[in-house]
Amino acid sequence: MKAVVYQGPYEVAVEDVEEPEIEHPNDVVVDITTSCICGSDLHMYEGRTAAEEGIVFGHENMGIVSEVGEAVSTLEAGDRVVMPFNVSCGFCQNCEEGYTGFCTNVNPGFAGGAYGYVAMGPYPGGQAEKLRVPYADHNALKLPEGREHEDAFSLLADIFPTGWHGTELADLQPGESVAIFGAGPVGLMAAYSAKIKGAAEIYVVDQVPSRLELAEEHCDAHAIDFSEGDPVDQIIETHGGMVDKGVDAVGYQATDPDDVDTETEDYSYQPAKENPAVVINNLIRVVRPTGQLGIPGLYVPEDPGAPDDMAAQGRLGIDFGKFFEKGLKCGTGQCNVKAYNRYLRDMIIEGRADPSWVVSHRVDLEEAPEMYEAFDAREEGVTKVLLEP
């Protein structure tokens, strides 16, 4: 079958790989109808992880069940399903307590598993024609038959639940104000989730105009372009003070403008400088005392392409003294997709939510190399890419 295979930094190719088979009675095999390119894939694509050549990418997957293991009891061939990016068993202590993103059975020696991701277990990704799903009764969420809401349902694998998770980590309540750093797919979904939850004011920080326009149009957000000045100062000036809550939807490859003309405060057309701690520190500055931060953005214990030796070890220069002084709270960690996906699915079915506006491209699997290049370059108009085998 055809699949997107990592070839090394900044290179993927569509190649022939072995088709998955039932390996355990609890498995199913799914014929993929949609698989998404995720911002997290770019960390591997850029060579910023320990990913080895030959890994099949793709942790955001949906499709039609084609083969069913003999122990599977709730699924049958022909069922339309979407899979959380988390691979989990459903019966370890963490899974039983709802923390399926930190399953201790599926990836020995590590808390958590995922499809097609470095260090997340022996589970090939779904940017391919077929995917094996372990513990399928637990890991596959049924969807209505047909093709309706295909784009929206595909986002249940990761970015819609992860955006929602960011607001949960921040304990965002109706009527509160929130600053969301990053207007990539997860940041946009965090802003959309904040709107659905009834946030009074939403601020979204980025420097890509098309992404900020989406935040304004679909999330009723205030767009903050950090290339035009200190984003914290912009938010405080617009809001009239600090905000209640904050979300980091960027992670460890954050950047800030460099070589700013301090006399004119001209941030335009300056080379970006990577600064892994800048978003967390900006959130510490912009969230009011006793507020809360949600950090679904990815941070790693090792970064081979880090800007300095400390960051290469996953150590960041965080302003913890100010964090303590303000009595801030913080929630971190990858999303436990199963905590949210069923409810978000039903919101889509009933017309209460439709996150498909974030999708900019649906292309054939063969176009994956070109779309990885465009998405990695943050090209205008490239927000969320769906691949169709």
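Nothing here was measured: the structure is a model prediction, and the numbers come from that model. (Residues numbered from 1 in each chain as written. Predicted model: local features only at pLDDT ≥ 70, side-chain atom pairs only at ≥ 80, totals over all residues. Heavy atoms only, no water.)

**Here we look at the overall build of the chain**
Then, number 1: Tallying secondary structure elements over the chain gives 13 helices and 19 strands in all.
Then, number 2: Here the C-alpha atoms of the chain give a radius of gyration of 20 Å, agreeing with the 21 Å that 2.2 N^0.38 yields for 389 residues.
Then, number 3: Dimensions of the chain, computed from the C-alpha atoms along their principal axes, are close to 65 × 40 × 40 Å.
Then, number 4: Expressed as a percentage of the 389 residues in the chain, the buried residues total 55%. (Helix = DSSP H or I, 4+ residues; strand = E, 2+ residues; numbered from the N terminus. Rg over C-alpha atoms; globule rule 2.2 N^0.38 Å. Buried < 20%, exposed > 50% of the residue type's maximum accessible area, 1.4 Å probe, protein only.)

**What about the sheet that holds strand S11 (residues 201-206)?**
Then, number 1: Here 6 strands make up an open sheet; going across it, the order is S12-S11-S10-S13-S16-S17 and the pairing parallel. Two strands close off the open sheet at either side, each with one partner strand: strand S12 (222-225) and strand S17 (329-332). In this sheet, adjacent strand axes meet at a mean angle of 20° when their direction is disregarded. (Pairing = 2+ DSSP bridges. Axes fitted to C-alpha atoms, helices over the stretch in contact; angles between N-to-C directions.)

**Side note on the domain arrangement of the chain**
Note: interface size is frequently given as the accessible area lost on complex formation between the parts.
Then, number 1: Domain assignment breaks the chain into domain 1 (2-158 + 336-387) and domain 2 (159-332).
Then, number 2: A separation of 26 Å is found between the C-alpha centroids of domain 1 and domain 2.
Then, number 3: Listed as interface residues are 30 residues of domain 1 and, on the opposing side, 29 residues of domain 2.
Then, number 4: Between domain 1 and domain 2, roughly 2600 Å² of surface is buried when both sides are summed, and carbon and sulfur atoms account for 64% of that area.
Then, number 5: Three residues, Arg48, Tyr340 and Trp357, lead the burial of domain 1 against domain 2; their summed loss comes to 32% of the area buried on that side.
Then, number 6: Across the contact surface, domain 1 and domain 2 share 2 salt bridges.
Then, number 7: Two residues, Arg48 and Glu274, come together in a salt bridge whose shortest N-O distance is 2.6 Å.
Then, number 8: The element contributing the most residues to the side of domain 1 that touches domain 2 is helix H12 (residues 341-349), with 3 residues. (Domains from an automatic or database assignment. Contact = heavy atoms within 4.5 Å. Buried area = accessible area lost by both parts, 1.4 Å probe. Salt bridge = Lys/Arg side-chain N within 4 Å of Asp/Glu carboxyl O.)

**Some words on the UniProt feature "domain: Alcohol dehydrogenase-like N-terminal" (unreviewed entry) in the chain**
Then, number 1: Residues annotated by UniProt as "domain: Alcohol dehydrogenase-like N-terminal" (unreviewed entry) correspond here to residues 25-144.
Then, number 2: The span residues 25-144 is 12% helix and 28% strand, and its two end C-alpha atoms sit 25 Å from each other. (UniProt positions renumbered as here; feature names shortened; annotations may be inferred.)

**With respect to the packing of helix H5 (residues 159-169) against H12**
Then, number 1: Remark: H5 packs on H12, axes separated minimally by 10 Å, with the N-to-C direction vectors making an angle of 110°. Here H12 runs roughly perpendicular to H5, going by the angle between their axes. Viewed along their axes, H5 and H12 form a crossing whose handedness is right-handed. Here Phe160, Pro161 and Trp164 of H5 lie close against H12, whose contacting residues are Leu344, Met347 and Ile348.
Then, number 2: Here the residues of the contact of H5 with H12 sort into 6 nonpolar, no polar and no charged. (Parallel < 35°, antiparallel > 145°, perpendicular 65-115°, else oblique. Left-handed = near helix turned anticlockwise from the far one by under 90°. Nonpolar A, V, L, I, M, F, W, Y, C, P; charged D, E, K, R; others polar.)

**Let's talk about the UniProt feature "domain: Alcohol dehydrogenase-like C-terminal" (unreviewed entry) in the chain**
Then, number 1: Listed under "domain: Alcohol dehydrogenase-like C-terminal" (unreviewed entry) in the UniProt record, and renumbered for this structure, are residues 185-255.
Then, number 2: Its end C-alpha atoms 17 Å apart, residues 185-255 is made of 46% helix and 24% strand.

**Comments concerning helix H6 (residues 185-197)**
Then, number 1: Between its first and last C-alpha atoms H6 spans 18 Å; for 13 residues at 1.5 Å apiece the expected length is 18 Å, and the two agree.
Then, number 2: In terms of burial, H6 is largely enclosed, as 11 of its 13 residues are buried.
Then, number 3: Taken together, the buried positions of H6 are occupied by Pro185, Val186, Gly187, Leu188, Met189, Ala190, Ala191, Tyr192, Ser193, Ala194 and Lys197.
Then, number 4: Residues of H6 that are buried make contact with H5, strand S10 (177-181), S11, helix H7 (209-219), strand S13 (243-248) and helix H13 (368-376).
Then, number 5: One or two steps after H6, the chain reaches Gly198, where phi turns positive at roughly 90°. (Expected span 1.5 Å × (residues − 1).)

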